[in-house]
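# Understanding the architecture of this molecule
One letter stands for each residue in the lines below.
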Amino acid sequence: MNLENLLNNAHSIFNQYPIVLAVIAIVLLLIAYKNPKESFKFALFLLFIAVLFYAISLFGEALSTGSKNKDQMIYKTKKLVD
């Protein structure tokens, strides 16, 4: 899953549930207004987790591509030997 698909999914969710997302945004803004220091720490933590999951997904895609290419090379080598 790449970043473009993720943004398309977020956009479709926003179009389907705008009122729910507006209420969630208002609640988060109120919490941030009352506790700005903790809210900033929490936002940084969420950003760190998002970057971590994105990096893991990129690494997983690279591993699956490498494994698929390795399997193709094994079969090509077997065909050449036979």
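Here the structure is a predicted model, which means the values were calculated and not measured.

The subject of this paragraph is the overall build of the protein chain. Of the regular secondary structure elements, the protein chain holds three helices and zero strands. Secondary structure elements of the protein chain occur, N-terminal to C-terminal, as α-α-α. Out of the 82 residues belonging to the protein chain, those deemed buried represent 1%.

Here we take up the confidence of the model for the protein chain. Predicted confidence across the protein chain gives a mean pLDDT of 81, with 72% of residues reaching 70 or more. Ranking the elements of the protein chain by mean pLDDT puts helix α3 (residues 36-81) last, at 77, and helix α2 (residues 18-34) first, at 91.

Tracing the backbone shows Ser39 in helix α3. When sequence neighbours within four positions are dropped, the list of residues in contact with Ser39 reads Ile31 and Ala32.

Turning to a nonpolar patch on the surface, a few remarks are in order. Together, Ile13, Tyr17, Ile19, Val20, Val23, Ile24, Val27, Leu28 and Ile31 give the surface a local cluster of nonpolar side chains, amounting to about 850 Å² of exposed area. If one sorts the elements of the nonpolar patch by residue count, α2 sits on top with seven residues. Considering the arrangement of structural elements, one finds Tyr17 in the loop between α1 (3-16) and α2. With relative accessibility at 47%, the residue Tyr17 sits in the partly exposed group.

Empty pockets left among the atoms are what a rolling probe the size of a water molecule brings to light. Approximately 150 Å³ is the volume found for the largest pocket. Looking at the lining of the largest pocket, the elements with two or more residues in it are α2 and α3. Considering every element that reaches the lining of the largest pocket, the biggest residue donor is α3, with four residues. For the lining of the largest pocket, the per-class residue count stands at five nonpolar, one polar and one charged.

Parameters and conventions
- Residues numbered from 1 in each chain as written.
- Predicted model: local features only at pLDDT ≥ 70, side-chain atom pairs only at ≥ 80, totals over all residues.
- Heavy atoms only, no water.
- Helix = DSSP H or I, 4+ residues; strand = E, 2+ residues; numbered from the N terminus.
- Buried < 20%, exposed > 50% of the residue type's maximum accessible area, 1.4 Å probe, protein only.
- pLDDT = per-residue confidence, 0-100.
- Contact = heavy atoms within 4.5 Å.
- Patch = residues over 30% accessible without salt bridge, like charges linked within 9 Å, V, L, I, M, F, W, Y side chains within 5 Å.
- Areas by Shrake-Rupley, 256 points an atom, 1.4 Å probe, with all protein chains shown as cover.
- Salt bridge = Lys/Arg side-chain N within 4 Å of Asp/Glu carboxyl O.
- 1 Å grid on protein atoms, 1.4 Å probe; cavity = no way out; pocket = protein on both sides within 12 Å on 5 of 7 lines; lining within 4 Å.
- Points joined across faces, edges and corners; volume = space filled by probe spheres on them.
- Nonpolar A, V, L, I, M, F, W, Y, C, P; charged D, E, K, R; others polar.

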